[in-house]
Amino acid sequence: MTKVLAIETSCDETAASVVSNKKGIYTINSNVVASQIKDHSKWGGVVPELAARKHLELIHFVISEAIEVADVNYQEIDVIASTVAPGLVGSLRIGSVAARTLCAFYSKPFLGIHHLEGHLSSILFSENPPKPPFIVLLVSGGHTELIKVGERREMERLGRSYDDAAGEAFDKVGRLLGLSYPGGPAIEKAAKEGDSFKFDLPKCKISDKKGGFLKYDFSFSGLKTAVLRLTEKINKNNVTLPIEDIAASFERVVAEVLVERSINCVIDNDLLDLVVVGGVAANNTLRKMMISEAAKKSIRVHLAPLYLCTDNAAMIGAAALSRLNMGDYESSLKLGVSARLPIDEALSLYHKIPPF
Ligand code: KG4
Ligand code: ZN
């Protein structure tokens, strides 16, 4: 059995978890998430400086609780991992310094983890995780990407958002409608009471320089602007804003765009499995639509467990353990953090000379 202590502080959740892997079965021994949502909600979004300070306040308690709940001591931990990219640099630094300090103190190997590899590893806790190759739709507050995962876990980004990520669009539209932060869960709640076909909102596409449109890429800022114009028009007429109908129409269009492009991507790559992970993967309309539309094309959909869609450290632990399963991966204790790192470059985190 291999056990990892994993730490995640890339945005506004301070998280630590102990995860073990026995013969390919991944088990969560503890999963502590201290959310800072309350601290940021009055500002309508994450304030990076505030997030870093909060991580610093909480990190010690969160790690201690993860160790205590898992009922382990540091001698029983084989490896310590933390998210090192992409994310808010000040926030990433707190988790990474904590992890590397523990590694130095207890003489444990360190694994720096790519946050998106963490998200896609959340699928390892599902009942019947697929074997690569497969396509991953990663939809979070910072990213909307279609990634092809190969047999040796090599990753190739096939599509991405050119502007706002889907989660970011949920957050911005939520703010526009006067809903609470984060917008995703608030829009989902409001949408339940609304008519999703009440408003016709645009499904924005990215033009291909060679003609036509890029099939697997996304754009959500035009959709957000369309909602803004719609609300302005309604307000001008002094009519009460039909928040529920706007929320439902917006949610439907986002789900349709994500579903159509993901399914096309799986079909064009001659694959059968589609994995859906990240904060927006918690959205029930998206989950249901993805399953029903994929079934029509005989595509198997694997949804991240609901409780692991948003940021947590268990997924970081699973990413570390599956790296160890594949080979002798270890990061330098000199590895720093970075706001950006394409997923295709995740392997560089294990180079003797670190990329940053
Ligand atoms: O993965 P995550 O926790 O953090 C990032 O790595 O970005 O995702 C957070 C994002 C936020 O934008 C939030 O509004 C969105 O996920 N989200 C949702 C739902 N729950 C969280 N979006 C739509 N429906 C939800 N139920
Ligand atoms: Zn995330």
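For the structure given in this document, a descriptive report is provided here. (Residues numbered from 1 in each chain as written. Chains lettered and ligands numbered in written order. Predicted model: local features only at pLDDT ≥ 70, side-chain atom pairs only at ≥ 80, totals over all residues. Heavy atoms only, no water.)

### Section: the overall build of the chain
Basically, it comes down to this: In this text, helices come from DSSP runs of H or I with a minimum length of four residues, and strands from runs of E with a minimum of two, each type numbered from the N-terminal end. Radius of gyration: over C-alpha atoms. The globule rule applied is 2.2 Å multiplied by the number of residues raised to the 0.38 power. Relative accessibility thresholds used throughout: buried, under 20% of the residue-type maximum; exposed, over 50%; partly exposed, between the two (1.4 Å probe, protein chains only). In this analysis, two residues are considered to be in contact whenever any of their non-hydrogen atoms come within 4.5 Å of each other. The Shrake-Rupley method, run with a 1.4 Å probe, gives the accessible areas here. Residue values count only the displayed protein chains as cover. The sign given to each residue is positive for Lys and Arg and negative for Asp and Glu; His and the chain ends receive no count. Just so you know, the charge point we use is NZ for Lys, CZ for Arg, CG for Asp and CD for Glu.
For the chain, the helix and strand inventory stands at 10 helices and 10 strands. On C-alpha atoms alone, the chain measures out to a radius of gyration of 20 Å, which is about the 21 Å that the 2.2 N^0.38 rule sets for 356 residues. Structurally, the chain occupies a C-alpha span of about 65 × 45 × 35 Å along its principal axes. Expressed as a percentage of the 356 residues in the chain, the buried residues total 55%. Across the chain, every contact between residues at least 6 apart in sequence was considered, and the portion connecting residues at least 24 apart equals 71%. As displayed, the chain has an accessible area near 16200 Å², and 52% of this comes from carbon and sulfur atoms. A distance of 2 Å separates the average location of the 41 positive side-chain charges in the chain from that of its 42 negative side-chain charges.

### A few points about helix 7 (residues 221–236)
Because each turn of an α-helix spans 3.6 residues, side chains separated by three or four positions in sequence point in the same direction. Let me state the cut-off plainly: Any helix carries an expected span of 1.5 Å times its number of residues minus one.
In a regular helix each residue adds 1.5 Å, so 16 residues correspond to 22 Å; helix 7 covers 22 Å between its end C-alpha atoms and thus fits that length. Where helix 7 is buried, its residues meet helix 5 (166–176) and helix 8 (243–268). Within two residues after helix 7, Asn238 carries a phi angle of roughly 55°, on the positive side.

### A short note on the sheet that holds strand 10 (residues 300–303)
To keep things clear, this is the line we draw: A pair of strands is treated as paired once DSSP finds two or more bridges between them. Lines fitted to the C-alpha atoms define the axes, with helices restricted to the stretch that makes contact. Angles between their N-to-C directions range from 0 to 180 degrees.
Reading across from one edge, 8-7-6-9-10 is the order of the five strands in this open sheet, with mixed pairing throughout. In this open sheet, the two strands that pair with only one neighbour each are strand 8 (155–160) and strand 10. Each strand axis lies, on average, 25° off the axis of its neighbour in the sheet, ignoring direction. In the sheet, strand 7 (residues 144–149) pairs with strand 8 via five bridges, with the strands oriented antiparallel. Within strand 8, the residue paired with Glu145 across the bridge is Arg160. Helix-sheet contacts for helix 8 involve strand 6 (134–139), strand 7, strand 8 and strand 9 (273–277), and the interaxial angle to strand 6 is about 160°.

### Focus: the environment of Ala15
As for its position among the elements, Ala15 is in strand 2 (residues 13–22). Look at Ala15 and you get buried, because its relative accessible area is 0%. In the structure, Ala15 is positioned 44 residues away from Ile59 in sequence and 7.7 Å away in space, judged by C-alpha atoms. When sequence neighbours within four positions are dropped, the list of residues in contact with Ala15 reads Ala6, Ile7, Glu8, Val32, Val33, Val62, Asn312 and Ala313.

### Side note on the packing of helix 5 against helix 8
Two quantities define a packed helix pair, namely the angle between the helix axes and the distance between the axes. To be explicit about the condition: These descriptions rest on fixed angle ranges, namely under 35 degrees for roughly parallel, over 145 for roughly antiparallel, 65 to 115 for roughly perpendicular, and the rest for oblique. For this scheme, ten residues count as nonpolar: Ala, Val, Leu, Ile, Met, Phe, Trp, Tyr, Cys and Pro. Four count as charged, namely Asp, Glu, Lys and Arg, and the remainder, Gly too, count as polar.
One can describe the packing of helix 5 onto helix 8 by two numbers: an axis separation of 11 Å at closest approach and a directional angle of 175°. On the basis of the axis angle, helix 5 is roughly antiparallel to helix 8. The residues of helix 8 that touch helix 5, namely those facing Ala166, Ala169, Phe170 and Val173, are Phe250, Glu251, Val254 and Leu258. When its residues are assigned to classes, the contact of helix 5 with helix 8 shows seven nonpolar, no polar and one charged.

### Describing the coordination of the zinc ion (ligand 2)
For a metal with four tetrahedral donors the ideal donor-metal-donor angle is 109.5 degrees, while six octahedral donors give ideal angles of 90 or 180 degrees. Our working rule: Water is absent from the atoms considered, so a metal site may look incomplete; donors are defined as N, O and S atoms within 2.8 Å of the metal, or 3.2 Å for Na, K and Ca. In short, tetrahedral needs four donors with all angles between 85 and 135 degrees, square planar needs four and octahedral six donors with opposite donors over 155 degrees apart and all other angles between 65 and 115, and whatever is left is irregular.
With distances of 2.0 to 2.1 Å, the protein atoms coordinating the zinc ion (ligand 2) are His115 (NE2), His119 (NE2) and Asp311 (OD). The coordination sphere of the zinc ion (ligand 2) comprises four donor atoms, whose angles at the metal cover 95 to 134°; the geometry is tetrahedral.

### Structural notes on the packing of aromatic side chains
Stated precisely, the cut-off is as follows: Between the rings of Phe, Tyr and Trp (Trp by its six-membered ring), a pair exists once the centres lie within 6.5 Å; its type follows the angle of the planes, with under 30 degrees stacked, over 60 edge-to-face, and the other angles tilted.
Counted under the stated rule, the structure contains six aromatic pairs. Seen in terms of ring centroids, Tyr74 and Tyr106 are 4.2 Å apart; in terms of plane orientation they differ by 10°. Their pairing is stacked. Here Tyr74, found in the loop between helix 2 (48–70) and strand 4 (79–85), pairs with Tyr106, found in helix 3 (residues 89–106); they are 32 residues apart in sequence, far enough to count as distant. For Tyr74, a relative accessible area of 14% gives the class buried. Taking relative accessible area as the criterion, Tyr106 reaches 27% and is therefore assigned partly exposed. When the centroid spacing of 5.0 Å and the interplanar angle of 80° are considered together, the rings of Phe105 and Tyr106 count as edge-to-face.

### A word on the environment of Leu230
Structurally, Leu230 is set in helix 7. In this structure Leu230 touches Phe199, Leu201 and Ile246, once residues within four positions along its chain are discounted.

### With respect to the site of ligand 1
Quick note on the threshold: Any residue with a heavy atom positioned within 4 Å of a molecule or strand is treated as near that molecule or strand. For this analysis, a polar contact is any N or O atom pair within 3.5 Å, provided that within protein one partner can donate a hydrogen and the other can accept it, and provided that sequence-adjacent residues contribute only side-chain to side-chain pairs.
Near ligand 1 you find 19 residues, and of these Gly141, Asp171, Gly184, Glu188 and Asp311 are the closest. Between ligand 1 and Glu188, the relevant distance is 2.6 Å, taken from a nitrogen atom to a side-chain nitrogen or oxygen of the residue. Contacts to ligand 1 include Asn283, whose side-chain N or O atom sits 3.1 Å from a nitrogen atom. Coverage of ligand 1 by the protein amounts to 89% of the 550 Å² it exposes when considered alone. When residues of the shell around ligand 1 are traced back to their parent elements, those giving at least two are helix 4 (115–121), helix 5 and helix 6 (183–191).

### Regarding helix 9 (residues 284–296)
An ideal rise of 1.5 Å per residue puts 18 Å on 13 residues; helix 9 measures up with 19 Å between its terminal C-alpha atoms. Within helix 9, burial applies to Leu286, Arg287, Met289, Met290 and Ala294. For helix 9, the capping residue at the N-terminal end is Asn283, with a side-chain oxygen 3.1 Å from the backbone nitrogen of Thr285. With its phi angle positive at about 55°, Ser298 sits one or two positions after the end of helix 9.

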